[in-house]
Amino acid sequence: MKLILERQHLGQRFTEGKLRIQGTTFSCDTLEPPYVPIRTRFDKLPDGTAIPYGNYEVRMTYSPKFHAKRPLIVNVPFFEGVRIHEGNSVADTTGCILVGVKDRPGHIYLSRVTLHRLLNSLLLTSPNELVTLSVTANVI
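Residues numbered from 1 in each chain as written. Predicted model: local features only at pLDDT ≥ 70, side-chain atom pairs only at ≥ 80, totals over all residues. Heavy atoms only, no water.

Another point: the packing of aromatic side chains. Across all of its chains, the model carries one aromatic pair by this definition. The ring of Y53 has R7 lying over it, and the distance from NZ or CZ to the ring centre is 4.8 Å. Its end group placed over the ring of F79, K44 keeps NZ or CZ at 4.0 Å from the ring centre. (Phe/Tyr/Trp six-rings, centres within 6.5 Å; stacked < 30°, edge-to-face > 60°. Lys NZ or Arg CZ within 6 Å of the ring centre and 35° of its normal.)

Bridge count for strand β3 (residues 27–32) against strand β7 (residues 97–104) is three bridges, and the pairing is antiparallel. Counted as the bridge partner of D29 is G100 from β7. Pairing analysis gives two bridges linking strand β6 (residues 82–85) to β7, with the strands arranged parallel. Its bridge partner lying in β7, H85 is registered against L98. (Pairing = 2+ DSSP bridges. Helix = DSSP H or I, 4+ residues; strand = E, 2+ residues; numbered from the N terminus.)

Right, dumping it as structure tokens:
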């Protein structure tokens, strides 16, 4: 299964995009911290930074913070513990990807409902099926 995150707005305070599952009708809006190019761990912004562009493996693992399984994005250079989870503004993340429906710039709503739709899709994969995330840009 392939998840595709297409970033569409790179702002000074937040990054907005669209997440879809290739070959399905699933699509949602995303919200991340601002994007800056990361060459070393010192390039990250103190309040959060969006992960670098690239292709990553995604694993469903238990999150102690959320007390439930959440998608974990693994092997992100200079980042640890990056997940896809619920939230409404960049105040709810320091590097993770929030999912929901955009209601105004820098804010999403219906985040829990959207996350559960995504989780249901991920749970349909077989235990040995590789899930990947491709982070790209189509800046408007």
